Amino acid sequence: MPRAGLTTDRVVAAAAGLADDIGFENVTVSALARHFGVRDASLYSHVRGLQDLRTRVALLAGGEMIDRIAEAVAGRAGKDALAAFAAAYRDYALEHPGRYAATQIRIDQDLVADSPALRRTAEITYGMLRSYDLEEPDLTDAVRLLRATFHGYCALEAAGAFGAPRDVQASWDRAIDALHVALEHWPHPVGADRHWA
């Protein structure tokens, strides 16, 4: 029987908070049970195990992150949308390091298809990029470029790995400028036909 006061939502929210406090990789069912002052077994009425718990945290964090991004990009297009998207992404990553780490795990594709938050992430990301007149497979390539750039920058910044005296924000702004130029002048294979939407 589920322990009184514990719900799946409450358990997952606590795990997300714990991830920010101690690191996503350190979130375990045992650590969460200690947080609630219960035995591990009390949590298995709410999550199936560690993988299920971590996946639920990833889905929660992904939803929070895309809500923030959606609000930032609303009514914007082109470079303005790109800069707003990037800033919201970076702010979330730096403010919620454990939750952000959860968003980087690989999630079963069946769960992705069933997740409104992850579908919304794809819609907003691809929608923002369509203002650059990109089509597949260029859209997917561009998404991967942005994700790799944002994630790499945020990971290095969070680790304090930028040692040069150059202001980190100034470098970030220039990176967004460079991404905008790259998206506006997206390379195409020599001899390939270009069909615009």
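If you're wondering where the values come from, they're calculated on a predicted model, not measured in any experiment. (Residues numbered from 1 in each chain as written. Predicted model: local features only at pLDDT ≥ 70, side-chain atom pairs only at ≥ 80, totals over all residues. Heavy atoms only, no water.)

**Focus: unusual backbone geometry**
Residue Pro 137 is reached from Glu 136 by a cis peptide bond, and omega for that bond is 5°. Mapped onto the elements, Pro 137 comes out in the loop between helix 7 (116-130) and helix 8 (138-158). Of note, Asp 133 is a non-glycine position whose phi angle comes to about 60°, a positive value. Looking at Asp 133, the relative accessible area reads 46%, which means it is partly exposed. (Helix = DSSP H or I, 4+ residues; strand = E, 2+ residues; numbered from the N terminus. Buried < 20%, exposed > 50% of the residue type's maximum accessible area, 1.4 Å probe, protein only.)

**A look at helix 7**
Look at helix 7: 21 Å from first C-alpha to last across 15 residues, which is about the 21 Å you get at 1.5 Å a residue. Among all positions of helix 7, only Ala 117, Leu 118, Ile 124, Thr 125, Tyr 126, Met 128 and Leu 129 are buried. (Expected span 1.5 Å × (residues − 1).)

**Describing the pattern of salt bridges**
It is possible for side chains of opposite charge to pair when their charged atoms get near one another. A full pass over the atoms with the stated rule returns 9 salt bridges. Here Asp 177 and Lys 79 are joined by a salt bridge, their closest N and O atoms 2.7 Å apart. In this pair, Asp 177 sits in helix 9 (residues 168-184) while Lys 79 sits in helix 4 (residues 78-95), placing the two residues 98 residues apart along the sequence. Note on Asp 177: relative accessible area 22%, which makes it partly exposed. For Lys 79, a relative accessible area of 35% gives the class partly exposed. Here Asp 177 ties to Arg 174 by a salt bridge, and the two come within 3.2 Å at their closest N and O atoms. Of the two residues, Asp 177 and Arg 174 both sit in helix 9, 3 residues apart, roughly one turn of that helix. On the basis of relative accessible area, Arg 174 is assigned to the exposed category, the value being 53%. (Salt bridge = Lys/Arg side-chain N within 4 Å of Asp/Glu carboxyl O.)

By themselves these figures say nothing about function.
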